[in-house]
Amino acid sequence: MKGQRFSKVSVVIPVYQTEAYLRECMESVLAQDYNNLEIILVDDGSPDRCPSLCDWYAEKNSQVRVIHQENQGLGAARNAGLKETKGDFVLFLDSDDLLSQQNTIRTLAGTAVRENADIVTGNFRRFQGKRYGAVNRHHLQGGNYTKTADFRFRGFLTEGHLIMDCGKLYRKDFLLQNHLWCKRQIHMEDKLRNMMCCVCEPVYAFVDDCVYLYRITEGSITSQYRRNIEVLERDWIRVSVYLYRYLKEHRKLEQFGDLLAFHIFCGIFTIGRQNLKTGRKKGKEAAKILKRYGENNLVHCTIQALAKGKYLKEVRAPVWRILLQGASVLFCMRLYRLVAWGIFLLQGLGTERKESRIRNSGDSAK
């Protein structure tokens, strides 16, 4: 019976060029009041002193193991760590981030066992130096609600807490039995993996505590990636196509088509907003990029379905139903400049700030 036996938690930490932060990250894990855990450091070919730091931690602490590999990217590093885990549960942690409290793992693991959960999610905060942002609260519910389109809409769009690997506790058997590996060499690999997790219908559980601290760093890879609009657009479509094929292969396109639709719609706002943030000519250049995005057949067909109101009945918030359908109608009418200016105006409204607070909390965010 799931949850009857509990052995240990495996903490998987990919490491690459985080020499300045690795010690603080490790201290937050080693300080946990939950002793039945292992820590797997995956040195992804880091060119700084991180490899020797990883070995030093392994020599000093029997809970720590190290994997050294050539640089293959974040997703491949998480996969390598997952393959070596021996625990019942897996927690992914980036090597420049922190666990927020000493009881974080105990809280997550206790909830997983008590709720027989496959995925446990908590709240998080962003920080830069000594400055900490407010706690981002998910306001999500467990139980039958997790089977609804509104849950998927909030979890992957407005609340966004289901998107990321970090800050979640996963039941290892759930990941392995469903072959839920990160896709290599693709941005948003964590969002793709978690959308695939959702399709496999896990038991979700949620805690109200802040469990994770995301460090905001200047000049990060993610920041540079967001400024490259063409790459952002390309990878957004790549994730959409992969998810579409995954749903078709598992015969769940009808059941989870809303998940694909919400992702594709989110691409309109993310691509348009990032273009406006790069300092390009407002409106005109964004409209050109949105036009190119809309010329993709999968994007076109999906936005057409949203324009007709498909997938929207279960979205509880009326303002979001109106926004999604209205923007989709304008997009289908090829009024791209109007859509671009709508995105620009929404940047100053609470609905847009709420929608973007996780994925795009400033260009300097990780």
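Computed from a predicted model, the values in this text were never measured in an experiment.

**Considering the overall build of the protein chain**
Here's step 1: Along the protein chain, the regular secondary structure elements total 15 helices and nine strands.
Here's step 2: Within the span of the protein chain, comprising 366 residues, buried residues form 57% of the whole.
Here's step 3: Within the protein chain, contacts between residues at least 6 apart in sequence are counted, and of these 80% link residues at least 24 apart.
Here's step 4: Split by element, the accessible area of the protein chain, about 15900 Å² in all, is 49% carbon and sulfur.

**A closer look at a nonpolar patch on the surface**
Here's step 1: Together, Val-329, Met-333, Leu-335 and Leu-338 make up a nonpolar patch on the protein surface, roughly 330 Å² of accessible area in all.
Here's step 2: Relative to the helices and strands, Val-329 resides in helix H13 (residues 318-332).
Here's step 3: Using a relative accessible area of 31% as the deciding quantity, one classes Val-329 as partly exposed.

**Side note on the nonpolar core**
Here's step 1: If you look at the biggest cluster of nonpolar residues, it comprises 109 residues, and the most contacted ones within it are Val-9, Ile-13, Leu-169, Ile-268 and Tyr-293.
Here's step 2: The biggest single contributor to this core is helix H10 (residues 253-277), with 11 residues.
Here's step 3: Not counting chain neighbours up to four residues away, the residues in contact with Leu-169 comprise Val-9, Phe-89, Val-90, Leu-91, Leu-108, Ala-109, Ala-112, Asp-118, Ile-119 and Val-120.

**Overview of the pattern of salt bridges**
Here's step 1: On inspection of all chains with the given rule, the structure shows 19 salt bridges.
Here's step 2: For Glu-84, the salt bridge goes to Arg-65, with nearest N and O atoms at 4.0 Å. Placement of Glu-84 in helix H3 (residues 74-84) and of Arg-65 in strand E3 (residues 64-69) is noted, with a sequence separation of 19 residues between them.
Here's step 3: Judged by relative accessible area, which is 27%, Arg-65 ranks as partly exposed.
Here's step 4: The residue Glu-159 makes a salt bridge to Arg-154 at a minimum N-O spacing of 3.4 Å. Assigned by exposure class, Glu-159 and Arg-154 land together as buried.

**Section: empty space enclosed by the protein**
Here's step 1: Considering all chains together, one arrives at three cavities of 30 Å³ or more under this definition.
Here's step 2: Roughly 60 Å³ of volume is contained in the second largest cavity.
Here's step 3: Together, Thr-121, Gly-122, Asn-123, Phe-124, His-161, Met-164, Cys-166, Gly-167, Lys-168, Val-211, Tyr-212 and Tyr-214 line the second largest cavity.
Here's step 4: For the lining of the second largest cavity, the secondary structure elements donating two or more residues are strand E6 (119-128) and strand E9 (204-215).
Here's step 5: In terms of residue count, the dominant contributor to the lining of the second largest cavity is E6 (four residues).
Here's step 6: For the lining of the second largest cavity, the class distribution of residues is six nonpolar, five polar and one charged.

**Section: the confidence of the model for the protein chain**
In low-pLDDT segments, the atomic positions of the prediction should not be examined closely.
Here's step 1: Here the protein chain averages 88 in pLDDT, while 87% of its residues score no lower than 70.
Here's step 2: Contacts from residues 1-5, a stretch scored under 50 in pLDDT, to residues over four places away or in other chains number nine contacts.
Here's step 3: Per-residue pLDDT stays below 50 along residues 219-226; that stretch engages in 21 contacts with residues further than four places along the chain or on separate chains.

**Quick notes on the pairing of strand E2 (residues 37-44)**
Here's step 1: Counting buried positions along E2 gives eight out of eight residues, so the element sits mostly inside the fold.
Here's step 2: Bridge count for E2 against E3 is six bridges, and the pairing is parallel. Considered in E3, the bridge of Val-42 is made with Ile-67.
Here's step 3: Once the chain exits E2 it traverses helix H2 (residues 50-60) before rejoining the sheet at E3, and the crossover so formed is right-handed.

**Overview of the packing of helix H7 (residues 189-199) against helix H9 (residues 229-249)**
Here's step 1: One can describe the packing of H7 onto H9 by two numbers: an axis separation of 11 Å at closest approach and a directional angle of 20°. Classed by the angle they form, the pair H7 and H9 counts as roughly parallel. Judged by the twist between their axes, the crossing of H7 over H9 is right-handed. Counted together, Lys-191, Leu-192, Met-195, Met-196 and Val-199 of H7 and Trp-236, Val-239, Tyr-242, Leu-243, Tyr-246 and Leu-247 of H9 form the full contact between these two elements.
Here's step 2: When the residues that make up the contact of H7 with H9 are grouped by side-chain class, the tally is 10 nonpolar, no polar and one charged.

**Focus on the side chain of Lys-252**
Here's step 1: Relative to the helices and strands, Lys-252 is located in the loop between H9 and H10.
Here's step 2: Residue contacts for Lys-252: discarding those within four places in its chain leaves Val-199, Cys-200, Glu-201, Leu-247 and Gly-257.

**Observations concerning the side chain of Ser-95**
Here's step 1: As for its placement among the helices and strands, Ser-95 is situated in the loop between strand E4 (89-92) and strand E5 (98-99).
Here's step 2: On the basis of relative accessibility, which here comes to 4%, the residue Ser-95 falls in the buried class.
Here's step 3: In terms of polar contacts, Ser-95 uses its side chain to reach the backbone carbonyl oxygen of Pro-14, at 3.1 Å.
Here's step 4: A polar contact of 2.7 Å, which involves the side chain of Ser-95, links it to the side chain of Thr-18.
Here's step 5: Discounting residues that sit within four places of it in the chain, Ser-95 has contacts with Ile-13, Pro-14, Val-15, Tyr-16, Thr-18, Tyr-21, Leu-22 and Cys-25.

**Points about the environment of Gly-45**
Here's step 1: When you line up the elements, Gly-45 lands in the loop between E2 and H2.
Here's step 2: Remark: the alpha-carbon pair of Gly-45 and Gln-69, spanning 24 residues in sequence, is separated by 5.6 Å.
Here's step 3: Every residue in contact with Gly-45, bar those within four places of it in the chain, is listed here: Tyr-16, Gln-69, Glu-70 and Asn-71.

The rules behind each value
Residues numbered from 1 in each chain as written. Predicted model: local features only at pLDDT ≥ 70, side-chain atom pairs only at ≥ 80, totals over all residues. Heavy atoms only, no water. Helix = DSSP H or I, 4+ residues; strand = E, 2+ residues; numbered from the N terminus. Buried < 20%, exposed > 50% of the residue type's maximum accessible area, 1.4 Å probe, protein only. Contact = heavy atoms within 4.5 Å. Areas by Shrake-Rupley, 256 points an atom, 1.4 Å probe, with all protein chains shown as cover. Patch = residues over 30% accessible without salt bridge, like charges linked within 9 Å, V, L, I, M, F, W, Y side chains within 5 Å. Salt bridge = Lys/Arg side-chain N within 4 Å of Asp/Glu carboxyl O. Core = buried A, V, L, I, M, F, W, Y, C linked by side-chain atoms within 4.5 Å. 1 Å grid on protein atoms, 1.4 Å probe; cavity = no way out; pocket = protein on both sides within 12 Å on 5 of 7 lines; lining within 4 Å. Points joined across faces, edges and corners; volume = space filled by probe spheres on them. Nonpolar A, V, L, I, M, F, W, Y, C, P; charged D, E, K, R; others polar. pLDDT = per-residue confidence, 0-100. Pairing = 2+ DSSP bridges. Right-handed = clockwise from strand over helix to strand, strands pointing away. Axes fitted to C-alpha atoms, helices over the stretch in contact; angles between N-to-C directions. Parallel < 35°, antiparallel > 145°, perpendicular 65-115°, else oblique. Left-handed = near helix turned anticlockwise from the far one by under 90°. Polar contact = N/O pair within 3.5 Å; in protein donor to acceptor, adjacent residues only side chain to side chain.

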